[in-house]
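Commentary on secondary and tertiary structure
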Amino acid sequence: MTAIIRTARAEDAAGIAPIYNQIIRDTTITFLPDEKTVDDLVAAIEAADAYLVAEHGSEIVAFASFGPFRSGAGYARVKEHSICLAQQARGHGLGAALMKALEDAARAQGVRVLVAGISGENDAAQRFHTRLGYVQVGHLPEIGDKFGRPLDLVLMQKSL
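So, here's what we can say about the structure. (Residues numbered from 1 in each chain as written. Predicted model: local features only at pLDDT ≥ 70, side-chain atom pairs only at ≥ 80, totals over all residues. Heavy atoms only, no water.)

1. A closer look at the pattern of salt bridges
Counted only if it meets this: Throughout this description, the term salt bridge denotes a Lys or Arg side-chain nitrogen within 4 Å of a carboxyl oxygen of Asp or Glu. Type-normalised accessible area, obtained with a 1.4 Å probe on protein chains alone, sets the label of each residue: buried when under 20%, exposed when over 50%, and partly exposed for intermediate values.
Applying the stated criterion across every chain yields a total of 11 salt bridges. Linking Arg-6 and Asp-12 is a salt bridge whose minimum nitrogen-to-oxygen distance equals 2.8 Å. Each member of the pair, Arg-6 as well as Asp-12, carries the same accessibility label: buried. A salt bridge links Arg-9 to Glu-11; the shortest N-O distance between them is 2.9 Å. Connected through salt bridges with shared partners, the residues Lys-100, Glu-103, Asp-104, Arg-107 and Lys-158 form a single ionic network.

Here you go:
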């Protein structure tokens, strides 16, 4: 699948919403329980240090972003990222291309480390990040909840 990767704009929120909301509604990829509105996503695009989309034809098929890992000046060069792909966009190399673009944007901003917080049940995301050079640096047992059960969180990071 070929796609154009570019900086997200407010009007992209309507294309991001179905991807994100399916993941929120149906999976433990995120621990978020409530779907996002277009207004929520416009605010997220505006607040992120970087927010990218992958566009196939005129359709948004993936997005990735990064923002603060923790508050405070001591963490200014460490960012936490998120990446989500529509089901039909998975398995075509698009995730790796999107992450390369996100890492390039992070380097351009002087970011030293990117962190991924991954559901302990999301083996595919853990393998994906490992292939991209991320290493597991933490495992927080039963730190989250979704669908009425506790979930682990795996922390992975990559030095840029």
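2. Observations concerning unusual backbone geometry
The test is simple: The helix and strand labels rest on DSSP assignments: H or I over at least four residues marks a helix, E over at least two residues marks a strand, and numbering proceeds from the N terminus.
The phi torsion at Glu-142 lies on the positive side, around 50°, for a residue other than glycine. Tracing the backbone through its elements, the reader meets Glu-142 in strand β6 (residues 135-146). Here the phi dihedral of Phe-147 falls at roughly 55°; this positive angle occurs in a residue that is not glycine. Within the secondary structure layout, Phe-147 lies in the loop between β6 and β7 (149-159).

3. Brief notes about helix α3 (residues 94-108)
Rules: A helix is expected to span 1.5 Å for every residue after the first. The directions considered for the arc are those from the helix axis to the C-beta atoms.
If you check α3, its first and last C-alpha atoms are 21 Å apart, about what 15 residues at 1.5 Å a residue would give, namely 21 Å. For α3, the set of buried residues is Leu-94, Gly-95, Leu-98, Met-99, Leu-102, Glu-103 and Ala-106. The buried side chains of α3 occupy one side of the element, clustering within an arc of 165° when seen end-on. Opposite its buried face, α3 presents the exposed residues Lys-100 and Ala-108, each directed more than 90 degrees away. Downstream of α3 by a residue or two, Gly-110 has a phi angle that is positive, lying close to 80°.

4. Quick word on the environment of Ile-24
Note the threshold: The contact criterion used throughout is that any non-hydrogen atoms of two residues lie within 4.5 Å.
When you line up the elements, Ile-24 lands in helix α1 (residues 13-26). Excluding residues within four positions of it along the chain, Ile-24 makes contact with Thr-30, Leu-32, Pro-33, Asp-34, Glu-35, Lys-36, Lys-146 and Phe-147.

5. Re the packing of α1 against helix α2 (residues 38-47)
Put simply, the test is: Here, axes are lines fitted to C-alpha atoms. For helices the fit covers the stretch in contact, and angles between N-to-C directions go from 0 to 180 degrees. Put simply, angles under 35 degrees are roughly parallel, angles over 145 are roughly antiparallel, angles from 65 to 115 are roughly perpendicular, and the rest are oblique. Residue classes follow a fixed rule: Ala, Val, Leu, Ile, Met, Phe, Trp, Tyr, Cys and Pro count as nonpolar, while Asp, Glu, Lys and Arg count as charged, and any other residue, Gly among them, counts as polar.
It is the contact of α1 with α2, at a shortest axis distance of 9 Å, that shows an interaxial angle of 110°. When the interaxial angle is binned, α1 and α2 end up roughly perpendicular. Along its contact with α1, which presents Ala-13, Ala-14, Ile-16, Ala-17 and Tyr-20, the element α2 presents Val-38, Leu-41, Val-42 and Ile-45. Residues that form the contact of α1 with α2 fall into these classes: nine nonpolar, no polar and no charged.

6. Some words on the environment of Ala-17
Note on placement: Ala-17 falls in helix α1. In the structure, Ala-17 is positioned 20 residues away from Thr-37 in sequence and 6.9 Å away in space, judged by C-alpha atoms.

7. Remarks on helix α4 (residues 123-131)
If you check which residues of α4 are buried, you get Ala-125, Gln-126, Phe-128 and His-129. The arc that holds every buried residue of α4, seen down its axis, measures 160°, which confines them to one face. Gly-133 sits one or two residues past α4 and shows a positive phi near 95°.

8. Notes on the sheet that holds β6
So the rule is basically this: For two strands to be treated as a pair, DSSP must find no fewer than two bridges joining them.
What the seven strands build is an open sheet, ordered β1-β2-β3-β4-β5-β7-β6; its pairing is mixed. Here the strands that pair on one side only, and so sit at the sheet edges, are β1 (4-7) and β6. Between one strand and the next, the sheet's axes are offset by a mean angle of 25°, whatever the strand orientation. Strands in contact with α1 are β2 (50-56), β3 (59-68), β4 (78-85) and β6; relative to β3, the strand with the most contacts, it is inclined by about 75°. The sheet strands contacting α4 are β4, β5 (113-119) and β7, and the helix crosses β5 at an angle near 160°.

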